[in-house]
Structure formats: C-alpha cells, structure tokens
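Residues per chain, in single letters:
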Amino acid sequence: MREDAAVYLRRIGESGQEPLDIARAALMLSALDHPAVSLDLFERHLDEIAGAMKEFAVSLVRVGDGAFALSTLLNTKLAYDGDRLSYDHPQNADLITVIERRRGLPVALGILYMHAARAAGMTASGLDTQGHFLVRIGFRHDDLTIDPFNGGAVLEAGQSMLAVLADAHLAQPVGDIDVLLRLQNNLKMRAVDRGNTQRGLEIADRMVLIAPRRADLWFDLGRLNEAAGVLGASRKAYERCLELAPKGEGLHNEAALSLTDLKRRLN
C-alpha cells in the first residue's frame, strides 16, 4: 500500500499536470501513514459522493444551486464539519481519519468539496487566503466562494469573514498541487512545532515528491535534513534548490550561503 501510494504521488510530481483527481491524491498522501489500511472503503466513499453529485447535475441551473447541494450532501447528510474542539490535532489533515471522523481542517474538508463540485460539472479551486481555506466554485458564468469548515456556507462581499480574510472574494485561485501542499504543510508545521524533526522531514519529503520543481520545498528539505543531522541529504537538497531558484534572488542566495556553511561542516 505504501509503495503504491508513493508511485501514484511520484507520477503526479513528474507530470506536473493539473487539475488532479484531488481527493484521490489526498487519500494517497494519507495512505503513507496507514500502510496496513485498505483504501477500498474510502475510495467507495469518494465514489458515492461523486455519484450523488452527478445525479444532481442534471438539475443544476445556477451556481447557487450547486452550493446548496454541496452543503446538503456533505454537511447535512454526511455530517462533515470543521473540528473546533481539537483544531490543531494532526488527524484533521489526514484524509483517512477525516473521512472516519467527519471532522477536519478547512483544507481537508475543502478537498472533499472540490471533489464533489467537480463531479457535478462545476469548477472548483482553492483560494490563496491566509489563515483559513476557502473554495471558489463556478458554473457557466457565475461563481461563489464557500467555506467548507462552516458547512459549505456561501460567503458574500461585505461579510465579516471576508474582511478578516483580506477580501477573499478577490483572492486568486491556486492549483491543486498547491492545495495538497497546504494540506501537508499543516502536518509538517505541527510536527516541527512539537520538536519532532524526523516527522517534519518525512512530510517535507512528501511535499518534494508531489512538487519536485519547487525550489522553496528543496530549501526547506535541506534545512530539516541539516537539523536532523543528515548532512549528505541536506547538501543534495540545497544543490537542487540552487538549480531551480532564479540566480540573484533571495532564495538562491540563501541556499548558496547554507550550502557553503554546510560544506565547511562536512570538511
């Protein structure tokens, strides 16, 4: 199971093509932490969500109808909601556990909403907002912003939530790989904050696996390997960062300094 998931994720990184079957990709990331768990039940659940939304699609007229259907299915019928009691627990960014508990972080729930919306023929993208994950859905020439953490509620210009999120109705959509990276970054940061460098390193490896052309991820991998005392791997990560980062820019310069300091330690 672990090897199959890694192969699937590596293929995503190598192709770089989007959009993805985003819920399945998130499930594969979760499978890396559940090597003995069969994915059959969870894949059937995703299929059931998609099937229910495909049935609804024949009556879809306006994007508002789609937002109502998403909320009805995922929140009212399937009882998905944000975990407010144990928000920072890593289980809330692990899709297998999220499906089991019907609770999760905004980005984990957002992936399920994106999966469902696309099954109904709508467009769905994560938004580049800070501190909270929102989803923009579209149908024909209209779109709406919804909040998966709060039952798929529609957010409209002028609402207090939008003010807090710095005018999220103007936020730019991000790609599916960026959404998956945001999901994984939640796990990585919580591990690092707890002082679990090894776990943080494990998640950083996964992030590079699905986005191998991102220089910033290689730099972060280099730092974490260095902190863990894996200096050879740290050197390779810094070198890869230098290959990808534009010369003369901050990240390239920072990686060059880090690599120079590391070489002194290795010598």
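Provided above is the structure to which this section pertains.
Residues numbered from 1 in each chain as written. Predicted model: local features only at pLDDT ≥ 70, side-chain atom pairs only at ≥ 80, totals over all residues. Heavy atoms only, no water.

Undergrad: An account of the packing of aromatic side chains is requested, with residue identities and associated values reported.
TA: The full count for this structure, using the stated rule, is two aromatic pairs. Ring plane angle 75° and centroid distance 5.6 Å describe the contact between Tyr 87 and Phe 149, whose orientation is recorded as edge-to-face. Placement of Tyr 87 in the loop between strand S1 (81-82) and helix H5 (95-101) and of Phe 149 in the loop between strand S5 (142-147) and strand S6 (153-155) is noted, with a sequence separation of 62 residues between them. Centroid distance Phe 219 to Tyr 238: 5.7 Å. Interplanar angle 50°. Geometry classified as tilted. (Phe/Tyr/Trp six-rings, centres within 6.5 Å; stacked < 30°, edge-to-face > 60°. Helix = DSSP H or I, 4+ residues; strand = E, 2+ residues; numbered from the N terminus.)

Undergrad: Hey, could you go over the pairing of strand S3 (residues 123-127) for me, with residue numbers and the actual values?
TA: Examined bridge by bridge, S3 and strand S4 (residues 135-139) share four bridges and lie antiparallel to one another. Bridge assignment links Ala 124 to a residue of S4, and that residue is Ile 137. As paired strands, S3 and strand S7 (residues 173-174) are joined by two bridges and run antiparallel to one another. Residue Gly 126 lies in a different strand from S7, and its bridge partner there is Val 174. (Pairing = 2+ DSSP bridges.)

Undergrad: A description of the sheet that holds S4 should follow, citing residues and the corresponding values.
TA: With antiparallel pairing, the five strands of this open sheet are ordered in space as S6-S5-S4-S3-S7. Only two strands of the sheet have a single partner each, and these edge strands are S6 and S7. Taken together, the five bridges between S4 and S5 define a ladder with antiparallel strand orientation. What sits directly across from Gly 138, in S5, is Asp 143.

Undergrad: Tell me about helix H4 (residues 63-77), and please be specific about residues and values.
TA: With 15 residues, H4 extends 20 Å from end C-alpha to end C-alpha; this agrees with the ideal 21 Å at 1.5 Å per step. Among all positions in H4, only Val 63, Gly 66, Ala 67, Ala 69, Leu 70, Ser 71, Leu 73 and Leu 74 are buried. Remark: Ala 79 follows H4 within two positions and exhibits a positive phi of approximately 70°. (Expected span 1.5 Å × (residues − 1). Buried < 20%, exposed > 50% of the residue type's maximum accessible area, 1.4 Å probe, protein only.)

Undergrad: Describe in detail unusual backbone geometry, supporting the description with residues and values.
TA: The peptide bond linking Glu 18 to Pro 19 adopts the cis configuration, its omega dihedral lying at 5°. Position of Pro 19 relative to the elements: it lies in the loop between helix H1 (2-15) and helix H2 (22-31). Here Arg 102, not a glycine, exhibits a phi torsion of approximately 60°, which is positive. Position of Arg 102 relative to the elements: it lies in the loop between H5 and strand S2 (103-104). The phi dihedral of Arg 140 is positive, around 55°, even though this residue is not glycine. Mapped onto the fold, Arg 140 is located in the loop between S4 and S5. Accessibility expressed as a relative area gives 65% for Arg 140, which makes it exposed.

Undergrad: Outline the pairing of S4, listing residues and values.
TA: Where burial is concerned, most of S4 is hidden: five out of the five residues are buried. In textbook terms, the turn of a hairpin is the stretch between consecutive antiparallel strands, and for S4 and S5 this stretch comprises two residues, one of which, Arg 140, has a positive phi near 55°.

Undergrad: Quick rundown of the nonpolar core? Include the residues and the values.
TA: Counting 85 residues, the largest nonpolar core has Leu 9, Met 53, Leu 70, Met 122, Ile 137 and Leu 180 as the members making the most contacts within it. With sequence-adjacent residues up to four places away left out, Met 53 is seen in contact with Ala 69, Leu 70, Leu 73, Ala 116, Ala 119, Ala 120 and Met 122. (Core = buried A, V, L, I, M, F, W, Y, C linked by side-chain atoms within 4.5 Å. Contact = heavy atoms within 4.5 Å.)

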